[in-house]
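Observations on chain architecture
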Amino acid sequence: MAEDSLTILKLGGSVITDKDSPETVDDDALDSVVAAIADSGVVTGDAGPTAGDDGPASLIVVHGGGSFGHIHAAEHGVSTTDGTHDPAAVTAIHGAMKRLNGVVVDRLQAAGVPAVPVHPLSAAARDADAELSLPTAAVAGLRAEGFVPVLHGDVIAHAGKGVTVLSGDEIVTGLAERLGASRVGLCSTVPGVLDSDGDVIETIREFESVAAALGDSDSTDVSGGMAGKVRALLALSGQARIFGPDAVGPFLADEAVGTLIDGA
Ligand code: IP8
(Lines give C-alpha, C1' and ligand atoms only; values in the text may rest on other atoms or scores of the structure.)
Protein backbone atom coordinates (compact mmCIF):
# COMPACT_ATOMS: atom_id res chain seq x y z
CA MET A 1 0.00 0.00 0.00
CA ALA A 2 1.35 3.42 -0.92
CA GLU A 3 2.60 5.80 1.78
CA ASP A 4 0.09 8.45 0.70
CA SER A 5 -2.92 6.32 1.62
CA LEU A 6 -2.57 7.20 5.29
CA THR A 7 -5.73 8.04 7.22
CA ILE A 8 -5.48 9.80 10.58
CA LEU A 9 -8.60 9.46 12.70
CA LYS A 10 -9.13 11.31 15.95
CA LEU A 11 -11.65 10.01 18.45
CA GLY A 12 -12.78 12.94 20.58
CA GLY A 13 -12.43 12.43 24.33
CA SER A 14 -16.09 13.43 24.78
CA VAL A 15 -17.10 10.71 22.34
CA ILE A 16 -15.37 7.79 24.04
CA THR A 17 -15.72 8.84 27.69
CA ASP A 18 -18.50 10.00 29.95
CA LYS A 19 -17.34 13.58 30.47
CA ASP A 20 -19.41 14.05 33.63
CA SER A 21 -17.96 11.10 35.49
CA PRO A 22 -14.20 10.95 36.31
CA GLU A 23 -12.19 8.33 34.41
CA THR A 24 -15.24 6.64 32.93
CA VAL A 25 -15.22 5.11 29.46
CA ASP A 26 -18.43 5.34 27.44
CA ASP A 27 -18.38 1.65 26.59
CA ASP A 28 -21.18 1.70 24.03
CA ALA A 29 -19.72 4.67 22.17
CA LEU A 30 -16.19 3.23 22.18
CA ASP A 31 -17.38 -0.22 21.09
CA SER A 32 -19.33 1.33 18.24
CA VAL A 33 -16.40 3.35 16.84
CA VAL A 34 -14.04 0.40 17.34
CA ALA A 35 -16.43 -1.82 15.37
CA ALA A 36 -16.62 0.79 12.61
CA ILE A 37 -12.80 0.87 12.41
CA ALA A 38 -12.49 -2.93 12.46
CA ASP A 39 -15.17 -3.35 9.78
CA SER A 40 -13.82 -0.60 7.55
CA GLY A 41 -11.12 -2.56 5.76
CA VAL A 42 -8.85 0.48 6.12
CA VAL A 43 -6.48 -1.49 8.30
CA THR A 44 -4.50 -3.70 5.97
CA GLY A 45 -1.33 -4.00 8.03
CA ASP A 46 -0.25 -7.44 9.13
CA ALA A 47 1.42 -7.41 12.53
CA GLY A 48 2.19 -11.13 12.38
CA PRO A 49 5.39 -12.89 11.32
CA THR A 50 5.08 -11.50 7.79
CA ALA A 51 4.67 -7.97 9.10
CA GLY A 52 5.20 -5.33 6.47
CA ASP A 53 4.33 -7.55 3.52
CA ASP A 54 1.28 -5.48 2.73
CA GLY A 55 3.13 -2.21 3.17
CA PRO A 56 2.44 0.29 5.92
CA ALA A 57 -0.81 0.06 7.83
CA SER A 58 -3.00 2.82 6.53
CA LEU A 59 -4.45 4.09 9.77
CA ILE A 60 -3.25 6.08 12.76
CA VAL A 61 -5.68 6.61 15.61
CA VAL A 62 -5.42 9.55 18.02
CA HIS A 63 -7.74 10.08 20.96
CA GLY A 64 -8.47 12.93 23.30
CA GLY A 65 -8.70 13.15 27.07
CA GLY A 66 -12.39 13.36 27.99
CA SER A 67 -12.99 12.58 31.66
CA PHE A 68 -9.46 11.15 32.00
CA GLY A 69 -6.80 13.76 31.14
CA HIS A 70 -8.86 16.95 31.39
CA ILE A 71 -10.01 16.45 34.97
CA HIS A 72 -6.44 15.91 36.20
CA ALA A 73 -5.09 18.73 34.03
CA ALA A 74 -7.68 21.14 35.48
CA GLU A 75 -6.92 19.97 39.03
CA HIS A 76 -3.25 20.85 38.54
CA GLY A 77 -3.88 24.06 36.60
CA VAL A 78 -2.23 22.69 33.45
CA SER A 79 -3.38 23.66 29.95
CA THR A 80 -1.78 24.02 26.52
CA THR A 81 -0.26 27.29 27.76
CA ASP A 82 -0.02 26.95 31.57
CA GLY A 83 2.56 24.43 32.72
CA THR A 84 3.74 22.68 35.86
CA HIS A 85 7.07 21.49 37.23
CA ASP A 86 5.36 19.15 39.72
CA PRO A 87 6.31 15.56 38.85
CA ALA A 88 3.23 14.24 40.66
CA ALA A 89 1.05 16.37 38.38
CA VAL A 90 2.84 14.96 35.34
CA THR A 91 2.22 11.37 36.38
CA ALA A 92 -1.38 12.10 37.39
CA ILE A 93 -2.27 13.57 33.99
CA HIS A 94 -0.12 11.24 31.90
CA GLY A 95 -1.17 8.22 33.97
CA ALA A 96 -4.85 8.94 33.38
CA MET A 97 -4.25 9.29 29.64
CA LYS A 98 -2.29 6.03 29.60
CA ARG A 99 -5.20 4.27 31.32
CA LEU A 100 -7.63 5.52 28.67
CA ASN A 101 -5.15 4.66 25.92
CA GLY A 102 -4.85 1.14 27.35
CA VAL A 103 -8.61 0.67 27.11
CA VAL A 104 -8.74 1.99 23.52
CA VAL A 105 -5.82 -0.21 22.42
CA ASP A 106 -7.26 -3.29 24.14
CA ARG A 107 -10.67 -2.82 22.51
CA LEU A 108 -9.14 -2.30 19.08
CA GLN A 109 -6.97 -5.40 19.47
CA ALA A 110 -9.98 -7.43 20.65
CA ALA A 111 -11.74 -6.37 17.43
CA GLY A 112 -8.79 -7.57 15.33
CA VAL A 113 -7.09 -4.22 14.74
CA PRO A 114 -3.29 -4.43 15.26
CA ALA A 115 -3.30 -1.41 17.57
CA VAL A 116 -0.29 -0.47 19.69
CA PRO A 117 0.19 2.45 22.12
CA VAL A 118 2.39 5.48 21.46
CA HIS A 119 2.82 7.98 24.31
CA PRO A 120 3.73 11.56 23.28
CA LEU A 121 5.29 12.46 26.67
CA SER A 122 8.25 10.26 25.80
CA ALA A 123 8.91 11.86 22.43
CA ALA A 124 7.39 15.30 21.83
CA ALA A 125 8.35 18.70 23.26
CA ARG A 126 7.72 22.43 22.78
CA ASP A 127 10.43 25.05 22.68
CA ALA A 128 10.21 28.48 24.35
CA ASP A 129 8.17 29.77 21.39
CA ALA A 130 5.74 26.84 21.83
CA GLU A 131 6.98 25.37 18.55
CA LEU A 132 6.20 21.65 18.59
CA SER A 133 8.82 19.01 18.00
CA LEU A 134 7.00 15.79 17.13
CA PRO A 135 9.39 13.04 16.02
CA THR A 136 7.67 10.53 13.74
CA ALA A 137 10.20 7.68 13.59
CA ALA A 138 8.35 5.51 16.12
CA VAL A 139 4.97 6.01 14.47
CA ALA A 140 6.37 5.53 10.96
CA GLY A 141 8.34 2.47 12.05
CA LEU A 142 5.33 0.87 13.70
CA ARG A 143 3.22 1.55 10.59
CA ALA A 144 5.87 0.03 8.38
CA GLU A 145 5.66 -3.12 10.49
CA GLY A 146 1.91 -3.33 10.06
CA PHE A 147 0.77 -1.91 13.38
CA VAL A 148 -1.85 0.79 13.92
CA PRO A 149 -0.28 3.38 16.26
CA VAL A 150 -2.73 4.77 18.81
CA LEU A 151 -1.64 8.12 20.24
CA HIS A 152 -3.34 10.32 22.79
CA GLY A 153 -3.44 13.87 24.08
CA ASP A 154 -0.78 14.11 26.78
CA VAL A 155 1.51 16.43 28.70
CA ILE A 156 4.89 17.17 27.14
CA ALA A 157 8.04 19.11 28.05
CA HIS A 158 7.67 22.83 27.34
CA ALA A 159 10.80 25.01 27.58
CA GLY A 160 10.54 27.32 30.59
CA LYS A 161 7.12 25.99 31.69
CA GLY A 162 7.70 22.43 32.85
CA VAL A 163 5.05 20.44 30.99
CA THR A 164 1.96 21.68 29.17
CA VAL A 165 -0.93 19.83 27.51
CA LEU A 166 -0.49 18.56 23.97
CA SER A 167 -4.00 18.11 22.60
CA GLY A 168 -5.00 15.25 20.38
CA ASP A 169 -5.90 17.82 17.70
CA GLU A 170 -2.30 19.10 17.67
CA ILE A 171 -1.06 15.53 17.30
CA VAL A 172 -3.43 15.00 14.36
CA THR A 173 -2.35 18.11 12.49
CA GLY A 174 1.32 17.58 13.40
CA LEU A 175 1.33 14.00 12.11
CA ALA A 176 -0.77 14.86 9.05
CA GLU A 177 1.79 17.43 7.92
CA ARG A 178 4.85 15.37 8.79
CA LEU A 179 3.60 12.06 7.35
CA GLY A 180 1.55 13.43 4.47
CA ALA A 181 -1.84 11.98 5.41
CA SER A 182 -4.33 11.68 2.60
CA ARG A 183 -7.36 11.67 4.89
CA VAL A 184 -7.83 13.39 8.23
CA GLY A 185 -10.98 12.96 10.29
CA LEU A 186 -12.08 14.31 13.66
CA CYS A 187 -14.89 12.37 15.27
CA SER A 188 -16.73 14.74 17.57
CA THR A 189 -19.96 14.51 19.59
CA VAL A 190 -21.77 16.70 17.03
CA PRO A 191 -22.42 15.68 13.40
CA GLY A 192 -20.15 18.42 12.01
CA VAL A 193 -19.46 22.12 12.44
CA LEU A 194 -22.81 23.73 13.13
CA ASP A 195 -24.05 27.11 11.89
CA SER A 196 -26.07 29.47 14.08
CA ASP A 197 -29.27 27.56 13.21
CA GLY A 198 -27.72 24.30 14.37
CA ASP A 199 -27.33 22.92 10.83
CA VAL A 200 -24.17 21.18 9.68
CA ILE A 201 -21.99 23.43 7.51
CA GLU A 202 -21.02 21.45 4.42
CA THR A 203 -17.68 23.09 3.59
CA ILE A 204 -15.43 25.63 5.32
CA ARG A 205 -12.65 27.22 3.25
CA GLU A 206 -11.78 30.17 5.48
CA PHE A 207 -12.42 31.05 9.09
CA GLU A 208 -14.11 34.42 8.68
CA SER A 209 -17.16 32.90 6.98
CA VAL A 210 -17.95 30.87 10.11
CA ALA A 211 -16.43 33.05 12.84
CA ALA A 212 -19.79 34.42 13.98
CA ALA A 213 -21.33 30.97 14.28
CA LEU A 214 -18.35 29.49 16.10
CA GLY A 215 -17.63 32.38 18.43
CA ASP A 216 -14.32 32.60 20.27
CA SER A 217 -12.63 33.47 16.99
CA ASP A 218 -9.58 34.83 18.77
CA SER A 219 -8.83 31.54 20.44
CA THR A 220 -5.37 30.24 19.76
CA ASP A 221 -5.86 27.26 22.06
CA VAL A 222 -6.36 24.26 19.79
CA SER A 223 -7.77 22.37 22.75
CA GLY A 224 -10.38 25.10 23.12
CA GLY A 225 -13.44 23.93 21.24
CA MET A 226 -14.68 23.93 17.68
CA ALA A 227 -13.19 27.31 16.68
CA GLY A 228 -9.70 26.07 17.54
CA LYS A 229 -10.25 22.81 15.67
CA VAL A 230 -11.43 24.60 12.54
CA ARG A 231 -8.50 27.01 12.61
CA ALA A 232 -5.99 24.19 13.05
CA LEU A 233 -7.50 22.10 10.25
CA LEU A 234 -7.68 25.10 7.88
CA ALA A 235 -3.92 25.47 8.30
CA LEU A 236 -3.34 21.95 6.92
CA SER A 237 -2.10 21.59 3.37
CA GLY A 238 -4.76 18.91 2.78
CA GLN A 239 -8.44 18.48 3.55
CA ALA A 240 -10.04 17.26 6.75
CA ARG A 241 -13.52 16.36 7.98
CA ILE A 242 -15.31 16.85 11.28
CA PHE A 243 -18.20 14.46 11.88
CA GLY A 244 -20.17 12.63 14.55
CA PRO A 245 -19.74 9.11 16.00
CA ASP A 246 -22.21 7.51 13.56
CA ALA A 247 -20.11 8.68 10.62
CA VAL A 248 -16.82 6.93 11.47
CA GLY A 249 -17.62 3.99 9.17
CA PRO A 250 -18.85 6.16 6.29
CA PHE A 251 -15.79 8.46 6.67
CA LEU A 252 -13.46 5.46 6.43
CA ALA A 253 -15.46 4.35 3.36
CA ASP A 254 -14.67 7.74 1.79
CA GLU A 255 -18.17 9.18 2.06
CA ALA A 256 -18.64 12.95 2.31
CA VAL A 257 -19.70 13.08 5.95
CA GLY A 258 -20.00 16.04 8.31
CA THR A 259 -18.11 19.23 7.48
CA LEU A 260 -15.27 19.38 4.97
CA ILE A 261 -12.49 21.73 6.10
CA ASP A 262 -10.48 22.79 3.09
CA GLY A 263 -8.05 25.64 3.63
CA ALA A 264 -5.59 24.52 0.96
O1 IP8 B 1 -8.84 16.05 24.59
C2 IP8 B 1 -6.04 16.60 25.96
O3 IP8 B 1 -6.33 16.10 24.69
P4 IP8 B 1 -7.62 16.62 23.90
C5 IP8 B 1 -5.25 15.61 26.79
O6 IP8 B 1 -7.48 16.14 22.52
C7 IP8 B 1 -5.02 16.02 28.20
O8 IP8 B 1 -7.62 18.13 23.99
C9 IP8 B 1 -3.82 15.53 28.84
C10 IP8 B 1 -5.82 16.77 28.89
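Refer to the preceding data block for the structure.
Just so it is clear, the model here is predicted, and its values are computed rather than measured.

What counts and how
Residues numbered from 1 in each chain as written. Predicted model: local features only at pLDDT ≥ 70, side-chain atom pairs only at ≥ 80, totals over all residues. Heavy atoms only, no water. Buried < 20%, exposed > 50% of the residue type's maximum accessible area, 1.4 Å probe, protein only. Helix = DSSP H or I, 4+ residues; strand = E, 2+ residues; numbered from the N terminus. Contact = heavy atoms within 4.5 Å. Core = buried A, V, L, I, M, F, W, Y, C linked by side-chain atoms within 4.5 Å. Pairing = 2+ DSSP bridges. Axes fitted to C-alpha atoms, helices over the stretch in contact; angles between N-to-C directions. Salt bridge = Lys/Arg side-chain N within 4 Å of Asp/Glu carboxyl O. Phe/Tyr/Trp six-rings, centres within 6.5 Å; stacked < 30°, edge-to-face > 60°. Lys NZ or Arg CZ within 6 Å of the ring centre and 35° of its normal. Parallel < 35°, antiparallel > 145°, perpendicular 65-115°, else oblique. Left-handed = near helix turned anticlockwise from the far one by under 90°.

Within helix α3 (residues 66–75), burial applies to Gly-66, Ser-67, Phe-68, Gly-69, His-72 and Ala-73. Those residues of α3 hidden inside the fold are in contact with α1 (13–16), α4 (87–110) and β8 (162–166). Positioned one or two residues after α3, Gly-77 has a phi angle of 65°, which is positive.

A separate point is the side chain of Arg-126. Its location among the elements puts Arg-126 in strand β4 (residues 125–126). According to the relative accessible area criterion, Arg-126 is buried, its value standing at 6%. When residues no more than four places from it in sequence are discounted, the contact partners of Arg-126 are Thr-80, Glu-131, Leu-132, Ile-156, Ala-157, His-158, Ala-159, Thr-164, Val-165, Leu-166 and Glu-170.

Next up on the list: the nonpolar core. Core analysis: the largest hydrophobic core is formed by 35 residues, its most contacted members being Ile-8, Ile-60 and Val-230. Elements with a minimum of two residues in this core: β2 (59–63), α6 (168–179), β9 (183–187), α7 (208–214), α8 (226–234) and β11 (240–243). If you tally residues by element for this core, the top one is α6, at five residues. Residue contacts for Ile-60: discarding those within four places in its chain leaves Leu-6, Thr-7, Ile-8, Leu-9, Val-139, Arg-143, Pro-149, Leu-151, Leu-175 and Leu-179. Formed by 31 residues, the second largest nonpolar core is a distinct cluster that contains Ile-37, Val-105, Val-113 and Phe-243.

What follows concerns the sheet that holds strand β12 (residues 259–261). Strand order in the open sheet formed by eight strands is β3-β6-β2-β1-β9-β11-β12-β10, and the pairing between neighbours is mixed. Taken across any chain shown, the strands that pair with only one partner, and hence form the sheet edges, are β3 (115–117) and β10 (203–204). Of the strands in this sheet, β2, β3 and β6 (148–152) touch α4, which is tilted by about 150° from β6.

Below, the discussion takes up unusual backbone geometry. Outside of glycine, negative phi angles account for most residues, and trans bonds account for most peptide bonds. Phi at Ala-130 is positive, roughly 65°, even though this residue is not glycine. Structurally, Ala-130 is set in the loop between β4 and β5 (132–133). With relative accessibility at 40%, the residue Ala-130 sits in the partly exposed group. Despite not being glycine, Asp-254 has its phi angle at roughly 75°, a positive value. Mapped onto the elements of the fold, Asp-254 is located in the loop between α9 (248–252) and β12. A relative accessible area of 58% means that Asp-254 is categorised as exposed.

For the rest of this paragraph, the subject is the pattern of salt bridges. Using the criterion set out here, one finds eight salt bridges in the structure. The partner of Arg-99 in a salt bridge is Glu-23, with the nearest N and O atoms 2.8 Å apart. Here the residue Arg-99 occupies a position in helix α4, and Glu-23 occupies one in the loop between α1 and α2 (27–40), the gap between them amounting to 76 residues. Among the residues examined, Glu-23 registers a relative accessible area of 29% and is labelled partly exposed. With its nearest N and O atoms 3.1 Å apart, the salt bridge here joins Arg-183 to Asp-254. Here Asp-254 lies in the loop between α9 and β12 and Arg-183 lies in strand β9, a separation of 71 residues in the sequence.

Below, the discussion takes up the packing of aromatic side chains. Using the criterion set out here, one finds one aromatic pair in the structure. In this structure, Arg-183 is placed above the aromatic ring of Phe-251, and the distance from its NZ or CZ to the ring centre is 5.5 Å. Sitting above the plane of the Phe-207 ring, Arg-231 keeps its charged end 4.2 Å from the centroid.

For the rest of this paragraph, the subject is the packing of α2 against α4. Axis separation between α2 and α4 bottoms out at 9 Å; the angle between their running directions is 45°. Regarding the angle of α2 to α4, the classification is oblique. Relative to α4, α2 is oriented so that their crossing is right-handed. The segment α2 lies against α4, with Asp-27, Leu-30, Asp-31, Val-34 and Ile-37 engaging Val-103, Val-104, Arg-107 and Leu-108.

Here the focus is the environment of Val-165. Among the secondary structure elements, Val-165 is positioned in strand β8. Using a relative accessible area of 12% as the deciding quantity, one classes Val-165 as buried. Separated by 81 residues in sequence, Val-165 and Thr-84 have C-alpha atoms that sit 10.0 Å apart. Once you skip the residues sitting within four places of it in the chain, Val-165 turns out to touch Ala-73, Val-78, Ser-79, Thr-80, Arg-126, Asp-154, Val-155 and Glu-170.

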